[in-house]
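For reference, the chains in residue letters:
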Amino acid sequence: MKSYHIHVEGIVQGVGFRPFVYRIAHENDLRGYVKNLGDAGVEIVIEGKEEDIRKFLRDLKEKKPPLARIERIKKKEIPPQGFDRFYIEKSSQKGAGGDSIIPPDVAICDDCIRELFDPADKRYMYPFIVCTNCGPRFTIIEDLPYDRENTTMREFDMCDFCESEYRDPLNRRYHAEPVCCPVCGPSYRLYTNSGEEITGDPLKKAARLIDEGYIVAIKGIGGIHLACDATNEQAVEELRRRTFRPQKPFALMARDLETIESFAILDEDERTELTSYRRPILILRKKDPFPLPEKLAPGLHTIGVMLPYAGTHYILFHWSKSPVYVMTSANYPGLPMAKDNESAFEELRNLADYFLLHNRKILNRADDSVARFVNGKRAVIRRSRGFVPLPIDIPFTYTGLALGAELMNAFGVAKNGRVYPSQYIGNTGKLEVLNFMREAIEHFKKILRVGKLDLVIADLHPTYNTTKLGMELAEESGTEFLQVQHHYAHAASIMAEHGLDEIIGIALDGVGYGTDGNVWGGEVIYLSYEDVERLAHIDYYPLPGGDLASYYPLRALMGVLSKLYPVEEVRGIIQKHCPRAIESLKYGEVEFNVILNQLTRGINVSYASSTGRILDAFSVLLNVAYRRTYEGEPAMKLESLALKGKNDLGFRVPVEGETIKIEELFIQALESRANPADIAYSVHLALGRAFGEIAIEKAGEFGVRAIGISGGVAYNELIVKTIRKMTETNGLKFYSTYEVPRGDNGINVGQAFLGGLYLEGYLSREDLMM
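The structure presented is a predicted model; accordingly, all values stated were derived computationally and were not measured.

## Topic: the nonpolar core
Grouped together as the largest cluster of nonpolar side chains are 110 residues, with contacts concentrated most on Phe17, Ile44, Phe56 and Leu60. Leaving out residues up to four positions away in the same chain, Ile44 has contacts with Tyr4, His5, Ile6, Val8, Val21, Tyr33, Val34, Phe56, Leu60 and Phe86.

Here's what the structure looks like:
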């Protein structure tokens, strides 16, 4: 007779792990107990024959529930306790020095879908149907351990039927904390936008209203969406008008894969991701011709689409004639997605005609995650529902807070060798978003049992709200404060995800505050445990009006051209090649002349090495986009044009010392008589070649085998493909990130990694800021 104490860490709460342990203990004729340890995983005590215990441990690893992830198993022999059975012990509120990872929200499983449409089932057509294998997790959890009383489901007392399933260790709903039914659980109500309740079946009527062309606000798992019939062009146009989103692509939700295949092209990897428990919005290539309204994603070759992930969605499509909805976050541009019934009518009255709201509280807002496949690999763009709060491993055990970037924000909490990135926060330049961020930080600290911080890390930019917040939080808690350069953090995120010791990092994006005070964004960086060095960059060019150039890319084009031609010649080039760009300026010709004067006199002009602004400038020159109405718009539309190109015109970008002479690319484009698609295609290839060549050269100089790319431009198919092919052809290893977002939404992971290098004494404060 042997007896062991076993401590299991990982994703072992809220995924059916305890009933699984109960079953395999009985199958192996063992006695003892299993219980949750709050923030520290699961504790198991077993007694029995040595051979049976060995089989139990093998089953523990090999037969675990599909959503479970075992990070560590600690086993210690103890004196026999004399148990007469195996049972499930009540959860403990206190941990045992480890970490329990809270599972993310999980899409409804096939078993629950089958029951949802079974007329004989008690939960027939009940939108909140869940089991241990699916349903909300992160969005409803208030504290650990993950038990019902620590979630927003505590407001709903279980009926006898639900409790009998909840208490049965052999039932699929054993300790499924959100378990409920029509008798005891949450329910939907349908309202007009003036707050008047509409009687009858709320979901059936909401589906009919969508079919009739109305816009309906639908409260779901992580917030409220605005939904309309995606096949109805008038409804789509009206949604654009109300939300002030004239061009931003709308996300779609399709009834099933067959519907998606009617308007988009997808491969097996994309099918797998679409149907995964994460159910992200996946950016897919449009079919040509595209059978849906072009205004869903104007000027783009792609469309973002997801599959239903909650009972609510399946029921709506069951009653609806439309096979595909627009399903976009319910908010005005730049503000957090609405989530609360109390404020929904006030916030959304002018956006929605009707409101389909339920009475379960959403504690933690979580937007839909967004991803796309770039050269056959998944690239996460927005990491939120379905991913959060799963951690990323780093080789540093300190406790810290990384504040992330200003736009596309997510922060990260570092603890015990992991970074826990938050849900999508958004544009922290907005006060409402900054307040949401403060609340989310406090919640993460609570559920992760974070006490004293060792370090607070923020971006180098002196005026970012995240930087100011970092300073404030550090001062309040008496914690050391560290600022790190933006693109160093991008490179560090690759090292963090892949466990690398050094890298030649290519960091390409729109904007990042440089150590010299200029705007960076076209960087080649060496980063290791011992050194960080900026090796090369796009040659600085003027940005008249500074940040205004990100909204009016004509300013960037004029700035680059002013390096090549006298200002009056710049006037003529613009008037000849892209005169409509002048009309797009807020004050038209008057503003155009002011910009020319700024360039002549050097007034209110900043200097940049930004790749993003270069792509924006080409979007104007080739008459693709004149204004940025959403993040990345001009560059995205330029990529869509480039992918129509067929001929490489052989454009080259010379490199002189540490500078990439990007302006030469504009001379070649202006002199070319090729069609715009071929010019755009050749521009992308030339950019990829320039960065690939210098990265390979520097890898040879430093003896580095790894080249990686990060930043918002790392989602660009042509540029990434070119650099990857060159890297691998030269026998080097190419890296990007596949779990961590490549853009600013993932920069918190790189910041946390650099914070570890700093605390361990590998890199100094000066290294990371200068």
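## So, helix H15 (residues 567–577)
Listed in full, the buried residues belonging to H15 are Val567, Val570, Arg571, Ile573 and Ile574. For H15, the angular spread of the buried residues around the axis is 165 degrees, confining them to a single face. Pointing more than 90 degrees away from the buried face of H15 are the exposed residues Glu568 and Lys576.

## Regarding the sheet that holds strand E1 (residues 2–11)
With mixed pairing, the five strands of this open sheet are ordered in space as E4-E1-E3-E2-E5. Each edge of the open sheet carries a strand with a single partner, namely strand E4 (69–77) and strand E5 (86–88). If you compare each strand with its neighbour and ignore which way they point, the axes differ by 15 degrees on average. Pairing analysis gives three bridges linking strand E2 (residues 31–36) to E5, with the strands arranged parallel. Bridging from a neighbouring strand, Gly32 pairs with Phe86 of E5. Packing against the sheet, helix H1 (residues 17–27) makes contact with E1, E2, strand E3 (42–48), E4 and E5, and its axis sits at approximately 175 degrees to E5. Against the sheet, helix H2 (residues 50–62) engages E1, E3 and E4, with an angle of about 5 degrees to E1.

## A look at the environment of Gly588
Mapped onto the fold, Gly588 is located in helix H17 (residues 588–601). For Gly588, a relative accessible area of 13% translates into the label buried. For the pair Gly588 and Val749, spaced 161 residues apart in sequence, the C-alpha to C-alpha distance is 42 Å.

## Observations concerning a nonpolar patch on the surface
Together, Tyr587, Val590 and Val594 make up a nonpolar patch on the protein surface, roughly 320 Å² of accessible area in all. Tracing the sequence through the fold places Val594 in helix H17. Its relative accessible area of 43% is what places Val594 among the partly exposed residues.

## Re the pairing of E2
Counting buried positions over the six residues of E2 gives six, a clear majority of the element. Side chains of E2 alternate between two faces, with Arg31, Tyr33 and Lys35 and Gly32, Val34 and Asn36 buried alike. Pairing geometry for E2 and E3, over six bridges, is antiparallel. Its bridge partner lying in E3, Tyr33 is registered against Val45.

Criteria and cut-off values
- Residues numbered from 1 in each chain as written.
- Predicted model: local features only at pLDDT ≥ 70, side-chain atom pairs only at ≥ 80, totals over all residues.
- Heavy atoms only, no water.
- Core = buried A, V, L, I, M, F, W, Y, C linked by side-chain atoms within 4.5 Å.
- Buried < 20%, exposed > 50% of the residue type's maximum accessible area, 1.4 Å probe, protein only.
- Contact = heavy atoms within 4.5 Å.
- Helix = DSSP H or I, 4+ residues; strand = E, 2+ residues; numbered from the N terminus.
- Arc of directions from axis to C-beta.
- Pairing = 2+ DSSP bridges.
- Axes fitted to C-alpha atoms, helices over the stretch in contact; angles between N-to-C directions.
- Patch = residues over 30% accessible without salt bridge, like charges linked within 9 Å, V, L, I, M, F, W, Y side chains within 5 Å.
- Areas by Shrake-Rupley, 256 points an atom, 1.4 Å probe, with all protein chains shown as cover.
- Salt bridge = Lys/Arg side-chain N within 4 Å of Asp/Glu carboxyl O.

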